Amino acid sequence: MNHAIWLAAASAFALAACNDPATPTPYGDSDETGASTQDVQDSMDQTPADQAPAAASDPTAYTVVGAWIRNPPPGRDVTAAFMTLTAGNAEGRLIDARTNAAARTEIHTMAMEDDVMRMRRVEGFDIPEGGSITLAPGGDHLMLFEIDRDVLATGQVLIELVFENGQTVNQVFEVRDTAPDAEGN
Ligand SMILES: [Cu+2]
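Residues numbered from 1 in each chain as written. Predicted model: local features only at pLDDT ≥ 70, side-chain atom pairs only at ≥ 80, totals over all residues.

Okay, the confidence of the model for the chain next. Summarising the model, the chain shows a mean pLDDT of 78, and 66% of its residues fall at 70 or more. For the chain, the element scoring lowest by mean pLDDT is helix 1 (residues 2-18), at 45; strand 8 (residues 141-147) scores highest, at 98. In this model, residues 1-5 is a region of pLDDT below 50 whose contacts with residues beyond four sequence positions or in other chains number three contacts. (pLDDT = per-residue confidence, 0-100. Helix = DSSP H or I, 4+ residues; strand = E, 2+ residues; numbered from the N terminus. Contact = placed C-beta atoms within 7 Å.)

What follows is the structure, given as structure tokens:
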């Protein structure tokens, strides 16, 4: 039931989105070479307090757990990705997501509309300082359009999460039929 609604919503949105002029995707166009050597040096001077040494010099350290992407049924060219995202020592805002597994990615939320759950595009998700947000089926999610099934078939999808302050996090999302914590099914 839920699943059917979700599919219907996904289908409606995909159709609507087709009228959208394609957004230019700067993916793979990165030319950032500065500062990384210094960052590594800084990290090495610090005690390895946690499992995220790369974020040691970042004003906001993001942590992602439970990242997964729904294995889409045959014939679908859209799917959704989920995770729990925690901000460390500063508040943050997720504003974009990029991946080679889809032609386009959007940030979506869900809202009831005439007794039907419908997805809606939003500009981003705020993450409170020291807090977290959870993207999960039936709620907030990353929406992937025109998916590349060859990439999904590898079982893992790399998604670059882009934050308002310019930080990015490259996160592996596991391709699954159900949520990682959905046991006994
Ligand atoms: Cu969506």
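Still more ground to cover, so stick around.
Positive phi is not limited to glycine here, since D114 has a value of about 55 degrees. Within the secondary structure, D114 is located in the loop between strand 4 (102-113) and strand 5 (116-121). With a phi close to 50 degrees, E146 is a non-glycine residue in the positive phi region. Along the chain, the position of E146 falls in strand 8.

This part is about the pairing of strand 4. Bridge count between strand 4 and strand 8: six bridges; the pairing is antiparallel. Note that in strand 8 the partner of E106 across the bridge is M143. In textbook terms, the turn of a hairpin is the stretch between consecutive antiparallel strands, and for strand 4 and strand 5 this stretch comprises two residues, one of which, D114, has a positive phi near 55 degrees. (Pairing = 2+ DSSP bridges.)

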